[in-house]
Amino acid sequence: MANRVLVVDAHADSRLWLAEALQLRDFQVSGVASGREAIDGDFEPDLVILELQMPDLDGYATLAELRKSSAPPPVIALSGHVLPDDELRIRESGFEAALSKPVDLETLYR
């Protein structure tokens, strides 16, 4: 299981809520960021939880940029609405899995 998690979401409230929830489950949060901040920052996460719908840089574009690093971490997609058709695109894009908001943190342990 990953220890250091980077939470990437367009909304500051969502980032902080998810970071606090992860910390309660004994995850270490290496940072919270928007899409652009996730790429430009030096977070060194073991896992990234990445919102798909963001105005500055959507989750797919952010994932593509994160994959350019020499050792990209696994990335889980986060969305308010993950439909069955979306799951195929999410997997084909290189995400490890998809979570729907509100997040069931038990899913991270599977």
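Residues numbered from 1 in each chain as written. Predicted model: local features only at pLDDT ≥ 70, side-chain atom pairs only at ≥ 80, totals over all residues. Heavy atoms only, no water.

Spatially, five strands are ordered E2-E1-E3-E4-E5 in an open sheet, and the strand pairing comes out parallel. A single partner strand is all that each edge strand has here, and the edge strands are strand E2 (28-33) and strand E5 (97-100). Put simply, the sheet's adjacent strands are angled 20° from each other on average, direction ignored. Summarising the sheet, strand E4 (residues 75-79) and E5 pair through four bridges and their orientation is parallel. Following the sheet pairing, Ser79 is matched in E5 by Ser100. (Pairing = 2+ DSSP bridges. Helix = DSSP H or I, 4+ residues; strand = E, 2+ residues; numbered from the N terminus. Axes fitted to C-alpha atoms, helices over the stretch in contact; angles between N-to-C directions.)

We now examine the packing of aromatic side chains. Enumeration over the complete set of coordinates arrives at one aromatic pair. Geometrically, the ring pair formed by Tyr60 and Phe95 is edge-to-face, given 5.8 Å between the ring centres and 85° between the ring planes. Taken as a pair, Tyr60 in helix H3 (residues 59-66) and Phe95 in the loop between helix H4 (84-93) and E5 lie far apart in primary sequence, 35 residues in all. The exposure classification of Tyr60 matches that of Phe95, with both residues buried. The ring of Tyr60 is capped by Arg89, whose NZ or CZ atom sits 3.7 Å from the centre of that ring. (Phe/Tyr/Trp six-rings, centres within 6.5 Å; stacked < 30°, edge-to-face > 60°. Buried < 20%, exposed > 50% of the residue type's maximum accessible area, 1.4 Å probe, protein only. Lys NZ or Arg CZ within 6 Å of the ring centre and 35° of its normal.)

Along H3, the positions that sit buried rather than exposed are Gly59, Tyr60, Thr62, Leu63 and Leu66. In a view along the axis of H3, the buried residues occupy a sector of 160°, so they form one face of it. Close packing links the buried residues of H3 with helix H2 (35-40), strand E3 (47-51), E4 and H4. In this structure Asp58 caps H3, since a side-chain oxygen of it lies 3.1 Å from the backbone nitrogen of Tyr60. (Arc of directions from axis to C-beta. Contact = heavy atoms within 4.5 Å. Polar contact = N/O pair within 3.5 Å; in protein donor to acceptor, adjacent residues only side chain to side chain.)

Before going further, it helps to examine the nonpolar core. Ranked by size, the top nonpolar core spans 16 residues in total, and within it Val8, Val48, Leu50, Val75, Ile90 and Phe95 carry the most contacts. Elements represented by at least two residues in this core include exactly strand E1 (4-8), E3, H3 and E4. The element contributing the most residues to this core is H3, with three residues. Val7, Leu18, Phe27 and Ile49 belong to the second-largest nonpolar core, a separate cluster that totals twelve residues. (Core = buried A, V, L, I, M, F, W, Y, C linked by side-chain atoms within 4.5 Å.)

The next subject is the pattern of salt bridges. This structure, assessed with the given rule, holds four salt bridges. One salt bridge connects Lys101 with Asp9, and the closest N-O pair in it is separated by 2.8 Å. One end of the pair, Lys101, is in the segment after E5; the other, Asp9, is in the loop between E1 and helix H1 (12-24), with 92 residues separating them in the sequence. The shortest N-O distance in the salt bridge between Lys68 and Glu65 comes to 3.0 Å. Residues participating in the shared-partner salt-bridge network are Asp9, Glu51 and Lys101. (Salt bridge = Lys/Arg side-chain N within 4 Å of Asp/Glu carboxyl O.)

So, on to the confidence of the model for the chain. Of all residues in the chain, 91% attain a pLDDT of 70 or more, and the chain-wide mean is 86. Between the elements of the chain, mean pLDDT differs from a low of 84, seen in H4, to a high of 96, seen in E1. (pLDDT = per-residue confidence, 0-100.)

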